[in-house]
Amino acid sequence: MTDRWGLARWTPLPLRLVVGYGFMAHGYAKIVKHPDAFAGILHALGVPAPHFMAWATIVIELVGGLAVIAGQWVSEELRALMVRSRQETAADAQRKAALCSSLQINTAAMANEGFMIHRPRLDQLLDVLLQSKSDRIGDGPLTQWTFVSNRSSTRNTLTSIGAQRARLTGSHKIPSNTWGSLINII
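Anyway, here's the lowdown on the structure attached to this text. (Residues numbered from 1 in each chain as written. Predicted model: local features only at pLDDT ≥ 70, side-chain atom pairs only at ≥ 80, totals over all residues. Heavy atoms only, no water.)

**Remarks on the overall build of the protein chain**
Thinking step 1. Check the secondary structure of the protein chain and you find seven helices and four strands.
Thinking step 2. Per-residue burial for the protein chain yields a buried fraction of 22% across its 186 residues.
Thinking step 3. Taking contacts inside the protein chain between residues at least 6 apart in sequence as the whole, the part at least 24 apart equals 71%.
Thinking step 4. Of the roughly 13,200 Å² of accessible surface on the protein chain, a fraction of 62% belongs to carbon and sulfur atoms. (Helix = DSSP H or I, 4+ residues; strand = E, 2+ residues; numbered from the N terminus. Buried < 20%, exposed > 50% of the residue type's maximum accessible area, 1.4 Å probe, protein only. Contact = heavy atoms within 4.5 Å. Areas by Shrake-Rupley, 256 points an atom, 1.4 Å probe, with all protein chains shown as cover.)

**Concerning helix H4 (residues 76-91)**
Thinking step 1. Relative to the 22 Å expected for 16 residues at 1.5 Å per residue, H4 spans 23 Å between its end C-alpha atoms, a close match to the ideal helical length.
Thinking step 2. Of all 16 residues in H4, zero are buried, a share of ten percent or less. (Expected span 1.5 Å × (residues − 1).)

**Some thoughts on unusual backbone geometry**
Thinking step 1. At His34, a position not held by glycine, the phi torsion is positive, near 80°.
Thinking step 2. For His34, the location among the structural elements is in the loop between helix H1 (13-32) and helix H2 (35-44).

**Some thoughts on the environment of Asn150**
Thinking step 1. On the secondary structure map, Asn150 appears in the loop between strand S3 (146-148) and helix H7 (152-160).
Thinking step 2. Asn150 gets classed as partly exposed once you look at its relative accessible area, which sits at 40%.
Thinking step 3. Separated by 41 residues in the primary sequence, Asn150 and Ala109 have C-alpha atoms spaced 9.2 Å apart.

**Comments concerning the side chain of Glu61**
Thinking step 1. The residue Glu61 is located in helix H3 (residues 50-69) in this model.
Thinking step 2. With a relative accessible area of 12%, Glu61 lands in the buried category.
Thinking step 3. Within the structure, the side chain of Glu61 is placed 3.1 Å from the backbone nitrogen of Gly27, a separation counted as a polar contact.
Thinking step 4. In this view, Glu61 contacts Phe23, Met24, His26, Gly27 and Lys30; residues no more than four positions away in its chain are not counted. (Polar contact = N/O pair within 3.5 Å; in protein donor to acceptor, adjacent residues only side chain to side chain.)

**A few points about the packing of H2 against H3**
Thinking step 1. Running from N to C, H2 and H3 cross one another at 120°; their axes reach a closest spacing of 8 Å. Judged by the angle between their axes, H2 and H3 are oblique. Where H2 crosses over H3, the handedness of that crossing is right-handed. On the side of H2, the interface is formed by Pro35, Asp36, Phe38, Ala39, Leu42 and His43, while H3 contributes Pro50, His51, Met53, Ala54, Trp55, Thr57 and Ile58. (Axes fitted to C-alpha atoms, helices over the stretch in contact; angles between N-to-C directions. Parallel < 35°, antiparallel > 145°, perpendicular 65-115°, else oblique. Left-handed = near helix turned anticlockwise from the far one by under 90°.)

**Some thoughts on the pattern of salt bridges**
Working definition: two side chains of opposite charge can pair if their charged atoms are close together.
Thinking step 1. Following the criterion strictly, the structure yields two salt bridges and no others.
Thinking step 2. Note that Glu61 is salt-bridged to Lys30, the shortest N-O span being 3.1 Å. With a gap of 31 residues between them, Glu61 in helix H3 and Lys30 in helix H1 connect regions that are remote in the sequence. For the pair Glu61 and Lys30, one class covers both residues: buried.
Thinking step 3. Residue Asp123 pairs with Arg121 through a salt bridge whose shortest N-O separation is 3.2 Å.
Thinking step 4. Overall, the relative accessible area of 53% leaves Arg121 in the exposed class. (Salt bridge = Lys/Arg side-chain N within 4 Å of Asp/Glu carboxyl O.)

**Comments concerning the packing of aromatic side chains**
Thinking step 1. Evaluated as defined, the whole model comprises zero aromatic pairs.
Thinking step 2. Above the face of the Phe38 ring, Lys30 is positioned so that its terminal group lies 4.9 Å from the ring centre. (Phe/Tyr/Trp six-rings, centres within 6.5 Å; stacked < 30°, edge-to-face > 60°. Lys NZ or Arg CZ within 6 Å of the ring centre and 35° of its normal.)

**Things to note about H1**
Thinking step 1. With 20 residues, H1 extends 28 Å from end C-alpha to end C-alpha; this agrees with the ideal 28 Å at 1.5 Å per step.
Thinking step 2. Within the sequence span of H1, burial applies to Arg16, Gly20, Gly27 and Lys30. An end-on view of H1 places all buried positions within 85° of arc, on one side of the element. Opposite the packed face of H1, turned more than 90 degrees from it, sit the exposed residues Val18, Tyr21, Tyr28 and Val32.
Thinking step 3. Its buried side turned inward, H1 meets H2 and H3.
Thinking step 4. Directly after H1, the chain includes His34, whose backbone phi takes a positive value near 80°. (Arc of directions from axis to C-beta.)

Read these as layout, nothing more, since geometry by itself doesn't imply function.
What follows is the structure, given as structure tokens:
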């Protein structure tokens, strides 16, 4: 097929705009919510030099996003890696679900709608990872997940497709190795 109107060179533009804007929006959000808050998250995750890393992340997201929009860092190789990454993620979904089940991780926050950190004991994590390499996993029952969201529209959407809604109460136990600001649990 020939490119009669010369549009082929413009086809990467929507991808560059979406990806670049995504990077820049995340960098801007970290500034608006104050970099010290993000540094606190990095510190809780055990990232060394959390304040430096917070600012480095913000700069990379802002400058990198602008460069992607300008077309500086988008190449055929990058596109191929993105496609491969999505395929690998989809192919590995069952294994990841089984790992979470083995670690008793069943609470997650929706993107930009809550905050959850799971930090299993390192020896437990290593045992489960080694077991996952040697055993066939993923044949067990699916884990029932709890999603944390502070947006009523998300909660209403999930409820409309059959999710059960619950509020955090004293009887709802969150694993002791889980931290987060739990507003509503679906």
